[in-house]
Amino acid sequence: LYLTCALSTLLNPTLSLYYDIDEGEGGFAVLSASHAFPIGSVSLTAGASMGFNLGDAAMGLNEDGEDFTGLYYGEISLATSIPLFKNVTLDPRIAYSTALGDDGEFAIESISVDGKKDMFYGSVALTAAF
């Protein structure tokens, strides 16, 4: 289950609350902000977010092997949308994410495929609107 609240104001703050009723039986919150900067005919959107675990064991456990409530991760990103045709856009994004807090760091390192607490990643989406 989830609920998202967003404001169309300076930095477009958004708060999303998630509750896992099956696997982790706990919650998770994400606070984010973003701002778009026009660059020629496109805009570059800079974003930042912070995740907070609310006892959701599916997000990983602390050093004592227990679910925890506390900081989980922080992320910064850059994205844009490039029009290709009338209703088609190319949407590249790059981001850097890192664990926050001792419990978040331990949880992320232990469930990570490579055992690291941070990552740099990117994505590209092709969007067609009809």
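Please read these numbers as outputs of a predicted model, since none were measured by experiment. (Residues numbered from 1 in each chain as written. Predicted model: local features only at pLDDT ≥ 70, side-chain atom pairs only at ≥ 80, totals over all residues. Heavy atoms only, no water.)

## Some remarks on the nonpolar core
In terms of nonpolar packing, the biggest core is built from eight residues, these being F28, V30, F68, Y72, Y73, A99, A107 and I108. Look past the residues within four positions of F28 in its chain and what remains in contact with it is S16, L17, Y18, G51, F52, N53, L54, M59, Y72 and Y73. (Core = buried A, V, L, I, M, F, W, Y, C linked by side-chain atoms within 4.5 Å. Buried < 20%, exposed > 50% of the residue type's maximum accessible area, 1.4 Å probe, protein only. Contact = heavy atoms within 4.5 Å.)

## With respect to the pairing of strand β5 (residues 69-80)
The pairing of strand β4 (residues 42-54) with β5 spans 11 bridges and is classified as antiparallel. If you follow N53 over to β5, its bridge partner there is G70. The sheet contact formed by β5 and strand β7 (residues 88-99) spans seven bridges and is antiparallel. Pairing of G74 across the sheet is with T98, part of β7. (Pairing = 2+ DSSP bridges. Helix = DSSP H or I, 4+ residues; strand = E, 2+ residues; numbered from the N terminus.)

## A word on the packing of aromatic side chains
Given two aromatic rings, one states the distance between the centres and the angle between the planes to describe the pair. All told, the structure shown has five aromatic pairs when counted by the stated rule. Look at F68 and Y72: their rings are 6.4 Å apart centre to centre, the planes differ by 25 degrees, and that puts the pair in the stacked class. Summarising the burial analysis for this pair, F68 and Y72 share the class buried. When the ring of Y72 is compared with that of Y73, the centres are 6.3 Å apart and the planes differ by 85 degrees; the resulting orientation is edge-to-face. Judged on exposure class, the residue Y72 and its partner Y73 are both buried. Chaining the aromatic ring pairs together yields one cluster made of F28, F68, Y72 and Y73. (Phe/Tyr/Trp six-rings, centres within 6.5 Å; stacked < 30°, edge-to-face > 60°.)

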